[in-house]
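Survey of secondary and tertiary structure
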Amino acid sequence: MSKPVRLSCLGLALVAIFMFSGCAGLATRPETSPLLDKQALALSLQAKSFNRHIVSSRGTALTRIETPGKSFRYKMAWAAVFPDKIRITFLLSGLPVETIVADGKRVTFFSHTGEHARHTFQGKDPDMENYIRVPVRLSEIIRVLLGRLPVKPFDDAYFSVSDLSLSTVFLRQEWTGITQALHFDGQAKVHKLVSMNRAGNPTVDMTVTRYKTMDSDPIPIQIEIRNQDRAKLTLDILNFQSNPSIKESVFRLTDPGS
């Protein structure tokens, strides 16, 4: 087995914006009201199906990535097709810096500045932790840029017993325990998703600070992502096109990386 590829600091930081995965663990499920459980399940299914009719997208965004002692600002352009195709290019002063391409079979990282060699690894929905030291699935990246919400799989949902406002829902899987907490605002929109580790403690949270109607769809356009290592990314979507026709050639990287 080949050794994991270490990308440049830029490559690591760029993909870290999608850190929604985390290890889930078995936690004791509290006694809750079956009636309230039905309400919690309805809210969770609503979040899971949010914008599910969007199966492709194009757009641009401004990104700011902050890690201890470092800060990066880029413009980002993308094209994505559900469930497993995406192309992302990061630009600085109008010039491409890094491109990430996935065609449903493999994922390629290309540096336009020569900061690192071109890297390709196989997988339709790979866990990218071995390559970028972040436990994130490609499918989660795609969902975010389709205007969807990265809701983890679940078979049980219930309101937090410590939240009398009934605005926090815990998601569980039978064999893995709590996987995520969803926080809803007064209009029943998700404004925060928090991933949990095996002990049930938060690891990464995504906060949606603003939604905007774009192409007739309510799209999260201001997103802030933090992890427990004080890494933070702010994503401001400038343009968003729902369900455009995208050629297959977009997801093939030519020799020059264009």
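Cut-offs applied
Residues numbered from 1 in each chain as written. Predicted model: local features only at pLDDT ≥ 70, side-chain atom pairs only at ≥ 80, totals over all residues. Heavy atoms only, no water. Helix = DSSP H or I, 4+ residues; strand = E, 2+ residues; numbered from the N terminus. Areas by Shrake-Rupley, 256 points an atom, 1.4 Å probe, with all protein chains shown as cover. Expected span 1.5 Å × (residues − 1). Buried < 20%, exposed > 50% of the residue type's maximum accessible area, 1.4 Å probe, protein only. Arc of directions from axis to C-beta. Contact = heavy atoms within 4.5 Å. Polar contact = N/O pair within 3.5 Å; in protein donor to acceptor, adjacent residues only side chain to side chain. Lys, Arg positive; Asp, Glu negative; His and termini not counted. Salt bridge = Lys/Arg side-chain N within 4 Å of Asp/Glu carboxyl O. Pairing = 2+ DSSP bridges. Phe/Tyr/Trp six-rings, centres within 6.5 Å; stacked < 30°, edge-to-face > 60°. Lys NZ or Arg CZ within 6 Å of the ring centre and 35° of its normal. pLDDT = per-residue confidence, 0-100. Core = buried A, V, L, I, M, F, W, Y, C linked by side-chain atoms within 4.5 Å.

1. Observations concerning the overall build of the chain
The helix and strand inventory of the chain stands at four helices and 13 strands. Element-wise, carbon and sulfur atoms account for 53% of the exposed surface of the chain, whose accessible area totals about 12900 Å².

2. Quick look at helix H2 (residues 34-48)
With 15 residues, H2 extends 21 Å between its outermost C-alpha atoms, agreeing within 8% with the 21 Å of an ideal straight helix rising 1.5 Å per residue. Considered for burial, the residues of H2 that qualify are Asp37, Ala40, Leu43, Ser44 and Ala47. Projected down its long axis, H2 carries its buried residues within an arc of 125 degrees, all on one side. Within H2, the exposed residues directed more than 90 degrees away from the buried face are Pro34, Leu35 and Lys38. Elements in contact with the buried residues of H2: strand S7 (156-159), strand S8 (168-173), strand S9 (177-184) and strand S10 (190-196).

3. Comments concerning the environment of histidine 112
Its place among the elements puts histidine 112 in the loop between strand S5 (106-111) and strand S6 (119-122). Under the relative-accessibility criterion, histidine 112 is labelled partly exposed at 28%. It is 9.7 Å that separates the C-alpha atoms of histidine 112 and leucine 91, two residues lying 21 residues apart in sequence. In terms of polar contacts, histidine 112 uses its side chain to reach the side chain of threonine 99, at 2.6 Å.

4. Some words on the side chain of arginine 143
Looking at the element boundaries, arginine 143 is found in helix H4 (residues 138-145). Among buried charged residues, arginine 143 stands out as having no salt bridge; its nearest opposite-charge side chain is glutamate 140, 4.6 Å away. Of the polar contacts made by the side chain of arginine 143, one reaches the backbone oxygen of valine 151; its length is 3.1 Å. Sequence-distant contacts of arginine 143, that is, excluding residues within four places in its chain, are made with Arg148, Leu149, Pro150 and Val151.

5. What about the pairing of S10?
Across the seven residues that make up S10, a large majority, five, are buried. Relative to S10, S9 runs antiparallel, the two sharing five bridges. Residue histidine 183 lies in a different strand from S10, and its bridge partner there is lysine 192. As defined by bridge partners, S10 adjoins strand S11 (residues 202-214) across five bridges and the pair is classed as antiparallel. The residue of S11 that forms the bridge with leucine 193 is methionine 206.

6. Side note on the packing of aromatic side chains
Taken as a whole and assessed by the stated rule, the structure comprises six aromatic pairs. Measuring from centroid to centroid gives 6.1 Å for phenylalanine 109 and phenylalanine 121, while their planes differ by 20 degrees, and the two rings are stacked. Taken together, the positions of phenylalanine 109 in strand S5 and phenylalanine 121 in strand S6 put the pair 12 residues apart, joining distant regions of the chain. For the pair shown, phenylalanine 109 and phenylalanine 121 are each scored as buried. Here the aromatic residues Phe72, Tyr74 and Phe90 are joined through ring pairs into a cluster of three or more. The residue whose ring lies beneath lysine 48 is phenylalanine 154, and the NZ or CZ to ring-centre distance is 5.7 Å.

7. Points about the pattern of salt bridges
Opposite charge on two side chains allows them to pair when their charged atoms are near. Tallying each qualifying case throughout the model produces nine salt bridges. With a closest N to O distance of 2.5 Å, aspartate 103 and arginine 106 form a salt bridge. We classify arginine 106 as partly exposed; its relative accessible area is 31%. Note that lysine 152 and glutamate 140 form a salt bridge whose closest N and O atoms lie 3.8 Å from each other. Taken as a pair, lysine 152 in the loop between H4 and S7 and glutamate 140 in helix H4 lie far apart in primary sequence, 12 residues in all. Neither lysine 152 nor glutamate 140 differs from the other in exposure class; each is buried. Several salt bridges share partner residues, and in doing so they unite Arg29, Asp37, Asp156 and Arg172 into one network.

8. Details of the confidence of the model for the chain
Put simply, the chain has an average pLDDT of 85, and 84% of its residues get 70 or more. When the criterion is pLDDT under 50, residues 1-5 qualifies, and its contacts beyond four places in sequence or with other chains add up to five contacts.

9. A look at the nonpolar core
Core analysis: the biggest nonpolar cluster contains 51 residues, and Met76, Trp78, Ile86, Ile88, Leu149 and Ile237 have the highest contact counts within it. If near-sequence neighbours (up to four positions away) are discounted, isoleucine 86 is found in contact with Ala79, Ala80, Ile100, Val101, Ala102, Leu138, Ile141, Ile142, Leu145 and Phe251.

10. Section: H4
Of all eight residues that make up H4, eight are buried, and the element is covered over most of its length. Inspection of H4 places Leu138, Ser139, Glu140, Ile141, Ile142, Arg143, Val144 and Leu145 among the buried residues, and these make up the whole buried set. Within two residues after H4, glycine 147 carries a phi angle of roughly 80 degrees, on the positive side.

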